Amino acid sequence: MDLSGLSFQKFVDFALDHTRLRTTLTPHLPSQKFKSIKAKDGNKAVLTALSFQSPKIRLLRSLAIADDNAMRVLDFGVFPEPEYDLPIFCANFFATASRSIVVLDLNPLYDVTVQRDYKEKYFKKLMPLGQKYAELFPWGGKITSESMKFFSPIVIWTTFSTSRDKHDDLYSAFVDYYKAWLELMDEAVEEKDVPQILHNREAQHKYLTWRAEKDPGYPLLKKLVGESLAKDLVRNFLFEGVDTLGTNTFLDYFPEYRCEDGGVNQKRSMIGKSYETRPWDAKGEFTGG
Ligand code: BLA
């Protein structure tokens with residue numbers, strides 16, 4: 001389809017407007033320099049970056065890319081302060097004129113296949129929401145296996161042929177998932193137990209470390225803005241906190257990626273891709289083995 005009328009702007013506007021109904025957003029100072037980021041000369045892509053914080057939100061950031069009739073990208077994320085064990089809001093949309101790739105989720109801070117109490121606390125009541133969209137957006141097929149522990153039972157992982165109708169469905173899903181996240185944020189009570197706060201901080205740091213190293217968008221970002229700016233964007237904007245929330249390295253968290261020379265294996269997945277079909281049932285039980 002013609003991408004000229006297709007924009008993620010209204011997704012971002014909705015999220016900011018509705019966040020402001022619940023809390024006060026102020027600029028997230030460490031990442032303000034990325035507001036005026038530009039594609040390399042000769043590249044028509046327009047990058048739009050914004051970032052905020054609030055009392056419960058450590059970082060809300062959005063990167064949108066519009067490249068003429070070639071592609072549209074939205075990477076929108078919200079990372080809570082470590083005093084809250086809230087899920088991380090995650091919307092990653094990549095669209096060309098032919099295909100769209102979508103991940104939309106409230107990424108759990110803790111692996112829900114292991115921490116059942118965490119799953120009960122946040123996802124039990126969200127299962128009907130997940131079910132509604134699991135029908136509209138069929139499972140996208142095999143996926144980097146390691147990604148799965150960062151996904152919740154209501155994750156929307158899908159690909160489809162780009163169309164106006166699907167874009168509108170995606171907007172509805174974004175609105176519903178974001179409202180659900182805001183509701184959780186509103187209800188969240190500040191943790192006072194210091195070891196638990198440290199635990200939350202480390203879990204978020206592990207998540208940031210994974211994404212800063214293995215995000216599928218990186219090769220494309222590199223093409224658009226060059227290697228040094230792409231690296232800066234990943235570590236100091238998209239996954240800001242990766243160098244401040246903790247001191248563990250990628251290999252401390254994911255030792256299976258260690259090469260013989262001590263470096264990080266550049267493959268995205270050591271296990272390979274798996275999960276041909278949706279590995280959760282309607283009750284949110286993991287059926288993927
Ligand atoms: C593909 N993006 C993918 C895939 C996933 C994600 C799962 C399918 C390939 C795979 O199995 O790895 C997204 N993976 C995630 C997310 C998490 C995760 C959100 O582990 C969170 C824990 N995508 C972007 C941005 C761009 C982008 C900003 O978010 C571009 C600038 C592009 N994603 C993109 C492209 C592909 C892709 C081009 C297909 C190519 C590929 O698979 O490498």
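Above this text is the structure in question.
Here we summarise the structure given alongside this text. (Residues numbered from 1 in each chain as written. Predicted model: local features only at pLDDT ≥ 70, side-chain atom pairs only at ≥ 80, totals over all residues. Heavy atoms only, no water.)

Considerations on the site of the ligand
Around the ligand sit 21 residues in total, of which N92, T144, S147, G217 and R268 are the nearest. Within the side chain of N92, one N or O atom sits 2.4 Å away from an oxygen atom of the ligand. Measuring from an oxygen atom of the ligand, one finds a side-chain N or O atom of W210 at 3.4 Å. Bound to the protein, the ligand loses 87% of the 850 Å² it would expose on its own. Where the shell around the ligand is concerned, the elements lending two or more residues are β4 (71-80), β5 (88-96), β6 (99-107), β7 (143-144) and α5 (194-214). A class-by-class count of the residues in the shell around the ligand yields twelve nonpolar, four polar and five charged. (Near = heavy atom within 4 Å. Polar contact = N/O pair within 3.5 Å; in protein donor to acceptor, adjacent residues only side chain to side chain. Areas by Shrake-Rupley, 256 points an atom, 1.4 Å probe, with all protein chains shown as cover. Helix = DSSP H or I, 4+ residues; strand = E, 2+ residues; numbered from the N terminus. Nonpolar A, V, L, I, M, F, W, Y, C, P; charged D, E, K, R; others polar.)

A few points about the nonpolar core
Formed by 94 residues in total, the largest nonpolar core has its most connected members in F76, F89, F93, F174, Y178 and W181. Among the elements that make up this core, the one with the highest residue count is helix α4 (residues 164-187) (twelve residues). Here Y178 is in contact with F14, A15, T19, L60, F76, V78 and F89, once residues within four sequence places are set aside. (Core = buried A, V, L, I, M, F, W, Y, C linked by side-chain atoms within 4.5 Å. Buried < 20%, exposed > 50% of the residue type's maximum accessible area, 1.4 Å probe, protein only. Contact = heavy atoms within 4.5 Å.)

What about helix α1 (residues 9-20)?
Counted at 1.5 Å a residue, the expected span for α1 with its twelve residues is 16 Å, and the 17 Å between its end C-alpha atoms agrees. Of the positions making up α1, those classed as buried are F11, V12, F14, A15, L16 and T19. Looking at the packing, one finds that the buried side of α1 touches β2 (46-53), β3 (57-67), β4, β5 and α4. (Expected span 1.5 Å × (residues − 1).)

A closer look at the pairing of β6
The element β6 is largely enclosed, with a buried count of seven among its nine residues. Note that β6 and strand β8 (residues 156-161) share six bridges and pair antiparallel. For V103, the partnering residue across the bridge sits in β8 and is W157. (Pairing = 2+ DSSP bridges.)

Concerning the pattern of salt bridges
Overall, the coordinates contain 15 salt bridges when judged by the stated rule. We note a salt bridge from D232 to K33, for which the minimum N-O separation is 2.8 Å. Of this pair, D232 sits in helix α7 (residues 227-238) while K33 is found in the loop between β1 (26-27) and β2, placing the two residues 199 residues apart along the sequence. Here E285 and K119 are joined by a salt bridge, their closest N and O atoms 3.8 Å apart. A residue pair is termed long-range when its members are at least 10 positions apart, and E285 in the segment after β9 (273-274) and K119 in helix α2 (residues 116-123) qualify at 166 residues. Connected through shared salt-bridge partners, R22, E183 and D186 make up one network. (Salt bridge = Lys/Arg side-chain N within 4 Å of Asp/Glu carboxyl O.)

Points about the pairing of β5
Most of β5 sits inside the fold, with seven of its nine residues counted as buried. Here β4 pairs with β5 via eight bridges, running antiparallel. Residue pairing across strands places G77 opposite C90, the latter belonging to β5. The sheet contact formed by β5 and β6 spans eight bridges and is antiparallel. Its bridge partner being in β6, F93 is matched across the sheet by V102. What sits between the antiparallel neighbours β5 and β6 is a turn of two residues.

Here's the deal with the packing of α1 against α4
With their axes 10 Å apart at the nearest point, α1 and α4 run at an angle of 20° to one another. As far as their axial angle goes, α4 and α1 are roughly parallel. As α1 runs across α4, the sense of the crossing is right-handed. Only H167, L170, Y171, F174, V175, Y178, K179 and L182 of α4 make contact with α1, whose side of the interface consists of K10, F11, F14, A15, H18 and T19. Of the residues contributing to the contact of α1 with α4, the split by class is nine nonpolar, three polar and two charged. (Axes fitted to C-alpha atoms, helices over the stretch in contact; angles between N-to-C directions. Parallel < 35°, antiparallel > 145°, perpendicular 65-115°, else oblique. Left-handed = near helix turned anticlockwise from the far one by under 90°.)

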